[in-house]
Amino acid sequence: MKKIFFAILAVTFGFTGCQSDATSTEMPAAAAEQATPDEILMTAAQVARAGIETGSFSPRALSETLPATAELMVGKEHTAIVSAFTDGALSTLRVALNQTVQRGAVVAMMRKPDLLDLQQQFLENRNQLIFLQTEYERYQALKNADATASKNYQRAESELRAAQTTGKVLAAKLRQYQINPDRLDADHLTTDLPLTAPISGMVTRIHAAAGTALSPGTPVCEIVDFSYLHPVVYVFEKDIFRVQTGQKVLLNFPGTPAETFPAKVYNIERTVDADRKAVRVHARFDVAPPANWIAGAYVDARIELTGKGPANALPKEAVIREGEADYIFMEIKSSATERVFRKVKVRSGATDGTYTAVTPETTLPANAKIALKGAYYISAQGAGIEVEE
């Protein structure tokens, strides 16, 4: 393939051939007329070879996607840790790893020997209430007979009220230990306490085995409701203002890029994740995710940004990336022998793969002529590098 060198020095000598020395010195003078380094001179022959064509912006309705990284997660509100609420020992574990449980199901049993003391106090208080109630009623009938009976009535009433309060407190404590005080009697005392699942879900971790000594707060197992598995998209601060609730999110696993799973943004956090330096955007799948998906998995995400109507667009090849910035080339001078282009910095927006929305960082004339084709060659000419035709 023929090599074309676009350095200005090459232009000067490439078309002079065997001309006189006087002619050879005219082209450097023309190149010297460039006002700034952003102005690039192209000869008519170069323009023809590169196929450079100029035109203007085209109004087009374009949709843009914002690439990001997402993580599959289940919110803390849909996870639970089953833990001991008192001291004791784990006697039986009734669940296994990855087992599905329903809310209220017994997942483990723990033994608390001193629970017998509480039950004894409750039963003794209940028996005493019978006597105190009888005494209260007897003195109530006699209180109008004499002053002594009236005093005894007041004492009996006070003792009865105190015993009733104590009974209610003891009954409340028994209910905390999953013991029904209405069914408790001396023949049905227990030292075993059930630990139940606070939510429905799957057992994802087991922390304790049978025989483990437990203290209040000791975790026994963890349960996760995977029906609330959803993607959390990490969006950088500079792009977060472009994200809104209701926007569509397309997700795919890196290993299977052809398979896409749609979701929709429903919540945008108001703080920046300190570890990732990004804002967490929560989305919800359009359909329930497969049962074999796992929390913590990373997926690729593309957020479809909401358009604001037609935008000024140029063919994708008209926008050149140099370093961290995008540029286009505007024709500022044209003659039969040469044309001069100025490099203009722009911000690229939505694209449909063929056209790209472009916003110049400086105001351009209304009739500005933009290089629609051949921008790459103009860029190479300005950089003084060789380009393959």
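Look up a bit, the structure's there.
Residues numbered from 1 in each chain as written. Predicted model: local features only at pLDDT ≥ 70, side-chain atom pairs only at ≥ 80, totals over all residues. Heavy atoms only, no water.

Digging into the overall build of the protein
The helix and strand tally for the protein stands at eight helices and 25 strands. Buried positions account for 38% of the 389 residues belonging to the protein. A separation of at least 24 residues holds for 71% of the contacts in the protein among residues at least 6 apart in sequence. (Helix = DSSP H or I, 4+ residues; strand = E, 2+ residues; numbered from the N terminus. Buried < 20%, exposed > 50% of the residue type's maximum accessible area, 1.4 Å probe, protein only. Contact = heavy atoms within 4.5 Å.)

Digging into the pattern of salt bridges
In the structure shown here, the tally under the stated rule is 16 salt bridges. For R138, the salt bridge is made with E135, and the minimal N-O distance between the two is 3.4 Å. Of this pair, R138 and E135 both sit in helix α5 (residues 115-142), three residues apart, roughly one helical turn. Relative accessible area serves as the criterion here: at 18%, E135 is assigned to the buried category. (Salt bridge = Lys/Arg side-chain N within 4 Å of Asp/Glu carboxyl O.)

A few points about the environment of R276
Tracing the chain through its elements places R276 in the loop between β16 (261-273) and β17 (278-285). Once the C-alpha coordinates of R276 and Y234 are considered, the two residues, 42 residues apart in sequence, prove to be 7.9 Å apart. Once residues within four sequence positions are removed from consideration, R276 is found in contact with E71, Y234, F236 and Y298.

Details of the pairing of strand β15 (residues 248-252)
Among the five residues of β15, four are classified as buried, and the element is accordingly described as predominantly covered. Relative to strand β18 (residues 298-305), β15 runs antiparallel, the two sharing four bridges. The residue bridging L251 from the neighbouring strand is A301, located in β18. (Pairing = 2+ DSSP bridges.)

Focus: the sheet that holds strand β14 (residues 230-236)
Within the closed barrel, the six strands sit side by side as β5-β14-β17-β16-β15-β18. Their pairing is antiparallel. Strand-to-strand, the axes of this sheet are offset by a mean angle of 40 degrees, without reference to chain direction. With five bridges connecting them, strand β5 (residues 64-73) and β14 associate as antiparallel partners. Along β14, the bridge assignment pairs A70 with V233. (Axes fitted to C-alpha atoms, helices over the stretch in contact; angles between N-to-C directions.)

So, the sheet that holds strand β9 (residues 106-111)
In space, the four strands of this open sheet follow the order β10-β9-β7-β12, with antiparallel pairing throughout. Bordering the open sheet on either side are β10 (192-196) and β12 (213-214), each of which pairs with just one other strand.

Concerning the packing of aromatic side chains
Counted according to the given criterion, the structure contains six aromatic pairs. Where F253 meets W293, the ring centres are 5.1 Å apart and the plane angle is 80 degrees; that geometry is what we call edge-to-face. Of this pair, F253 sits in the loop between β15 and β16 while W293 sits in the loop between β17 and β18; the two residues are 40 residues apart in sequence, bridging distant segments of the chain. In this structure W293 comes out as buried when scored by relative accessible area, which is 13%. Seen from their ring centres, F285 and W293 are 5.3 Å apart, and the 65 degrees between their planes marks the pair as edge-to-face. Each member of the pair, F285 as well as W293, carries the same accessibility label: buried. A connected cluster of aromatic rings, assembled from ring pairs, spans F253, F261, F285 and W293. Sitting over the face of the ring of Y136, R161 holds its NZ or CZ atom 5.6 Å from the ring centroid. Lying over the aromatic face of Y266, R284 brings its terminal NZ or CZ to 3.9 Å of the ring centre. (Phe/Tyr/Trp six-rings, centres within 6.5 Å; stacked < 30°, edge-to-face > 60°. Lys NZ or Arg CZ within 6 Å of the ring centre and 35° of its normal.)

A look at α5
Helix length check: α5, at 28 residues, gives a terminal C-alpha distance of 41 Å against a target of 40 Å (1.5 Å per residue), a fit within 8%. Three or more residues of α5 are buried, namely L115, L118, Q119, F122, L123, N125, L132, E135, Y136 and Y139. (Expected span 1.5 Å × (residues − 1).)

Some remarks on the pairing of strand β24 (residues 369-373)
In this sheet, β24 lies alongside strand β3 (residues 53-55) in antiparallel orientation, the contact comprising three bridges. Bridging from a neighbouring strand, T54 pairs with A371 of β24. Two elements, strand β21 (residues 325-334) and β24, share two bridges in a ladder whose sense is antiparallel. Bridge pairing in β24 places M330 opposite I370.

Purely geometric numbers; function is a separate question.
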